[in-house]
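# Tertiary structure, described
Chain by chain, the residues:
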Amino acid sequence: MLHNCSYHTNKKEVESMLLYDDIKVEFKSQGFLATHMGLSPNEDKLVLFMESTQNTAEVRCPLCSSPVHMHGNVQITIKDIPLFIKIKQYLSCFCHRYICSKCGHTFTEDIPFIYPGTRITNRAANWIRGFLNNKLSIRAIQNLTGIHWDTIRKVQKDLMEVALLEREQEKQASGYKPRYLAVDEFAIHKGHSYATCVMDLETGDVLWVGKGRSINDFTKFFEDISPDTLSDVIAVAMDMNASYNILVEKRLPQAQIVYDRYHMQAQFGKEVLGVVRLEEAKKHKTAANDILADFNEETDKDKRAELKSKARDEKKKYSKLKKSRWTLLKNRKKLSDTECLDNILIEHKSLAVCYAMKEEMCRLFELTDFNEALTGWRNWFEAAKQSDIPALKHFAEQKEKRILGLAAHAVFPISTGKLEGFNNKIKVAKRIGYGYRDDGFFFMLVRYLALPGVRGETHRIP
């Protein structure tokens, strides 16, 4: 500890050092008198010694308000902003301890310029806030300031708590009630560990974050948020997670569930177009291998050349299909080479059917009439189930029970896109912090990042 250092144990040595350095200290600050300052032998620490000037007669017991008398002194060292490069600065405060003359309660006088719950000054805390608002991680701030990691984390937590409290008070004063919500999960740790996030699509505020994505986990949202706050919810956008669907129907019967179109299209591209494309590509690879097997048994030179040419063609088709993933998934209007797509669809009937179903799905999501959309989705699922394509039939059987939520997109054209975009900011925060062990602190950070004054400033991510 600093009070054990040799540079302030001997008053004569301090006085001679001050005389040698031609330094004079004489000022008062908030009940403390600066007496002298000292530099460590290694010249890497500068200490300003301050003594309390508090009058004991004016002090009262915080419990019973009775008079107190002196019970000793205590030396408290706190870290301050450095005045010189590569020299840490400390304030060594000699404070009074008191004992109540009536109840016997003992306590130490307060230091007005110390940041609550820490051993740093208020201006050092403001220094840290400046670094936090400029996208620096806690570890980087620790390396720059020399202040302990836990202290920086407390300053950051207090900063977020104040901002979130002010936002809640602002919403309560305006009679805030969300109308359109989005629900989605995001990964918090490796090993399939997830958290659920609920966002107001109109304001962009994250209303709630909780660990897990099961029914029991999502139930906590309705326990933490009062029913009165959610009474005006009109629609909720979500993917096809069963727990979200069941709980929203139960807890928000007045709200319409709207299944996210981009999750639906992404799943179709992966589970149908992707599967069928690989199956068709595999057929070409098998055909090439069969031709090469016949080629080994054939002795006629002309036949050998013909078989060799056919095998090459089959391998080219296999390679072409393997590389055509984005050709099939991308919007046709944005393709630079539509001829390649047309050739693939002409040569592969199953892919042509799936591609046509994908285009029809996109059209259905553009409808604005609920009855028209409902009829269109019924026809779409019926056509898919009657096809001879196993992947397409299975997809239709799995998604048909969500038909009302799919058709509701015509009335409420909302999606989880805004929340998905915010998930990218969450990933950036995790990388900046190199992960978070305290889930409660991390969830507070997620809500803080969604505040209007924070999300609008790209360099204000703690």
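All values reported here derive from a predicted model rather than from experimental measurement.

### Here we look at the packing of aromatic side chains
- Using the criterion set out here, one finds 21 aromatic pairs in the structure.
- Consider the rings of tryptophan 380 and phenylalanine 381, whose centres lie 5.2 Å apart with planes at 90°: the pair is edge-to-face.
- Three or more aromatic residues joined by ring pairs make a cluster, and in this case those are Phe268, Phe365, Trp377, Trp380, Phe381 and Phe395.
- The positively charged end of arginine 153 is found above the aromatic ring belonging to phenylalanine 441, 4.4 Å away from the centroid.
- Positioned over the ring face of tyrosine 194 is arginine 213, at 3.9 Å from the centre of the ring.

### Looking at the pattern of salt bridges
- Applying the stated criterion across every chain yields a total of 17 salt bridges.
- One salt bridge connects lysine 171 with glutamate 168, and the closest N-O pair in it is separated by 3.4 Å. A residue pair is termed a helical-turn pair when its members lie 3 or 4 positions apart in one helix, as lysine 171 and glutamate 168 do in helix H4 (residues 149-173) at 3 residues.
- Of the residues examined, lysine 171 reaches a relative accessible area of 8% and is grouped as buried.
- You can call glutamate 168 partly exposed: its relative accessible area is 29%.
- Of the charged contacts in the structure, one is a salt bridge between aspartate 439 and lysine 211, with a shortest N-O distance of 3.3 Å. Of this pair, aspartate 439 sits in helix H16 (residues 439-449) while lysine 211 is found in strand S9 (residues 206-211), placing the two residues 228 residues apart along the sequence.
- For aspartate 439, a relative accessible area of 16% gives the class buried.
- By sharing partners, the salt bridges in this structure join Arg167, Glu170 and Asp205 into a single network.

### Some remarks on the packing of helix H2 (residues 122-132) against helix H3 (residues 138-145)
- Axis separation between H2 and H3 bottoms out at 10 Å; the angle between their running directions is 135°. Taken as axis vectors, H2 and H3 run oblique relative to one another. You can see that H2 and H3 cross each other, and the crossing is right-handed. Of the residues in H3, those in contact with Trp127, Ile128, Phe131 and Leu132 of H2 are Ile141, Leu144 and Thr145.
- Residues of the contact of H2 with H3, tallied by class, amount to 6 nonpolar, 1 polar and no charged.

### A word on the pairing of strand S4 (residues 68-84)
- Note that S4 and strand S5 (residues 87-100) share 13 bridges and pair antiparallel. In the strand pairing of S5, valine 74 is matched with cysteine 95.
- Between S4 and S5, which follow one another and run antiparallel, lie 2 residues, and lysine 86 among them has a positive phi close to 65°.

### What about the nonpolar core?
- Counting 58 residues, the largest nonpolar core has Phe218, Phe221, Val236, Met264, Phe268, Trp377 and Trp380 as the members making the most contacts within it.
- Not counting the four nearest positions on each side in its chain, phenylalanine 218 is found in contact with Val183, Thr196, Val198, Trp208, Ser243, Tyr244, Leu247 and Val248.
- Among the nonpolar cores identified, the runner-up in size contains 47 residues, and Leu164, Val206, Ala429 and Leu449 belong to it.

### Some points on empty space enclosed by the protein
- Summed over the entire model, instances satisfying the criterion amount to 2 cavities of 30 Å³ or more.
- Each pocket or cavity is described by its volume, and for the largest cavity that value is around 70 Å³.
- Taken together, Leu164, Arg167, Glu168, Lys171, Asp205, Val206, Leu207, Arg447, Ala450 and Leu451 make up the lining of the largest cavity.
- Listed by contribution, the elements that provide at least two residues to the lining of the largest cavity are H4 and S9.
- Ranked by residues supplied to the lining of the largest cavity, first place goes to H4 with 4 residues.
- Residue composition of the lining of the largest cavity, by class: 5 nonpolar, no polar and 5 charged.
- Contributing elements (two or more residues each) for the lining of the second largest cavity: strand S7 (180-189) and helix H5 (215-224).
- No other element matches H5, which puts 3 residues into the lining of the second largest cavity.

### Here we look at the pairing of strand S11 (residues 256-259)
- Bridging between strand S10 (residues 235-238) and S11 involves 4 bridges; their strand directions are parallel. Residue pairing in the sheet places methionine 238 in a bridge with tyrosine 259 of S11.
- In this view, the connection linking S10 to its parallel neighbour S11 by way of helix H6 (residues 242-251) has right-handed handedness.

### Focus: the side chain of arginine 261
- With respect to the helices, strands and loops of the structure, arginine 261 is situated in helix H7 (residues 261-297).
- When residues no more than four places from it in sequence are discounted, the contact partners of arginine 261 are Cys362, Phe365, Glu366 and His409.

### So, the confidence of the model for the protein
- Of the residues in the protein, 91% have a pLDDT of 70 or more, and the chain-wide mean is 87.
- For residues 1-20, every residue scores under 50 in pLDDT, and the model assigns this stretch 28 contacts once sequence neighbours within four places are set aside.

### Here we look at the layout of surface pockets
- In this structure, the largest pocket occupies an estimated 530 Å³ of space.
- Taken together, 19 residues make up the lining of the largest pocket; nearest its centre are Gln265, Leu328, Leu329, Lys330 and Lys358.
- Ranked by the residues each element gives to the lining of the largest pocket, the list is headed by H7, at 8 residues.
- For the lining of the largest pocket, the residue count by class is 7 nonpolar, 4 polar and 8 charged.

Cut-off values and rules
- Residues numbered from 1 in each chain as written.
- Predicted model: local features only at pLDDT ≥ 70, side-chain atom pairs only at ≥ 80, totals over all residues.
- Heavy atoms only, no water.
- Phe/Tyr/Trp six-rings, centres within 6.5 Å; stacked < 30°, edge-to-face > 60°.
- Lys NZ or Arg CZ within 6 Å of the ring centre and 35° of its normal.
- Salt bridge = Lys/Arg side-chain N within 4 Å of Asp/Glu carboxyl O.
- Helix = DSSP H or I, 4+ residues; strand = E, 2+ residues; numbered from the N terminus.
- Buried < 20%, exposed > 50% of the residue type's maximum accessible area, 1.4 Å probe, protein only.
- Axes fitted to C-alpha atoms, helices over the stretch in contact; angles between N-to-C directions.
- Parallel < 35°, antiparallel > 145°, perpendicular 65-115°, else oblique.
- Left-handed = near helix turned anticlockwise from the far one by under 90°.
- Contact = heavy atoms within 4.5 Å.
- Nonpolar A, V, L, I, M, F, W, Y, C, P; charged D, E, K, R; others polar.
- Pairing = 2+ DSSP bridges.
- Core = buried A, V, L, I, M, F, W, Y, C linked by side-chain atoms within 4.5 Å.
- 1 Å grid on protein atoms, 1.4 Å probe; cavity = no way out; pocket = protein on both sides within 12 Å on 5 of 7 lines; lining within 4 Å.
- Points joined across faces, edges and corners; volume = space filled by probe spheres on them.
- Right-handed = clockwise from strand over helix to strand, strands pointing away.
- pLDDT = per-residue confidence, 0-100.

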